[in-house]
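Now for the letters of each chain:
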Amino acid sequence: MFMKFAFALALFASLAQLVFAAPAALVASLEKRDVFVPPVLYPHAGTVWTKGQRHNVTWDTTNAPVNITNKVGTILLRKGDLTTPLVLASGFDIRLGRIEVTVPWVLPDSDYSVVLFGDSGNFSPQFTINGPAVF
C-alpha cells in the first residue's frame, strides 16, 4: 500500500512541476513587444481621390518601436462611421510608411477615410472620392 501511495505522490509531484513550470518558461521566452500607433498622414482633410486612380497612403513611422506586436498591415476603406469590407491593401510591413492603393468604385461622397491596421486601427481624416456614379 505504501509503495502505491509513494508512486502516486511522485507522479503527482512530477505532473505539478511540469504544469507550473511551463507558463514560466513560455513567459521567459517571449520578448517584450510594443504597440505601434502611427498617425495617417495621407489622405488628409481636403484630399480628393477619383475612382480608379492610384494613390500612396502614408503614415508616420518616426517613432516605431523595435519590437512591434503586429508588423503586418492592412488598409480598409471607411465611409462615415462604418468601416467597409473593402480592403485597399494588405500583407505589407507596417514599418514601410506608405503603400500604393487603387481607389475603388464606390458612390461619390466626401465622408471617406482609410483605416490603417497593424497593432491598432488608425483613421485618416475624412476626404472625398469623386467619379461617375456606380448606378
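Residues numbered from 1 in each chain as written. Predicted model: local features only at pLDDT ≥ 70, side-chain atom pairs only at ≥ 80, totals over all residues. Heavy atoms only, no water.

## Comments concerning the packing of aromatic side chains
For any pair of aromatic rings, the description consists of the separation of the ring centres together with the inter-plane angle of the planes. Taken as a whole and assessed by the stated rule, the structure comprises 3 aromatic pairs. Measuring from centroid to centroid gives 4.6 Å for W49 and F127, while their planes differ by 55°, and the two rings are tilted. Taken together, the residues W49 in strand 2 (residues 48-50) and F127 in strand 9 (residues 127-130) connect sequence positions 78 residues apart. Neither W49 nor F127 differs from the other in exposure class; each is buried. A connected cluster of aromatic rings, assembled from ring pairs, spans Y42, W49 and F127. Between K79 and the ring centre of Y112, over which it is positioned, the NZ or CZ distance is 5.2 Å. (Phe/Tyr/Trp six-rings, centres within 6.5 Å; stacked < 30°, edge-to-face > 60°. Helix = DSSP H or I, 4+ residues; strand = E, 2+ residues; numbered from the N terminus. Buried < 20%, exposed > 50% of the residue type's maximum accessible area, 1.4 Å probe, protein only. Lys NZ or Arg CZ within 6 Å of the ring centre and 35° of its normal.)

## Digging into unusual backbone geometry
That bond from Y42 to P43 is cis: its omega, 10°, falls within 30 degrees of zero. Among the structural elements, P43 can be located in the loop between strand 1 (40-42) and strand 2.

## Some words on the pairing of strand 9
In the sheet, strand 2 pairs with strand 9 via 3 bridges, with the strands oriented parallel. Paired with T50 across the bridge in strand 9 is N130. (Pairing = 2+ DSSP bridges.)

## Topic: the sheet that holds strand 3 (residues 54-59)
On the basis of which strands lie adjacent, the open sheet formed by 3 strands has the order 1-3-6 and antiparallel pairing. Looking along the sheet, the strands with just one partner apiece sit at the ends: strand 1 and strand 6 (98-102). Within this sheet the neighbouring strands show an average axis-to-axis angle of 35°, counted without direction. In the sheet, strand 3 pairs with strand 6 via 5 bridges, with the strands oriented antiparallel. Residue pairing for strand 6: R54 is matched across the bridge by T102. (Axes fitted to C-alpha atoms, helices over the stretch in contact; angles between N-to-C directions.)

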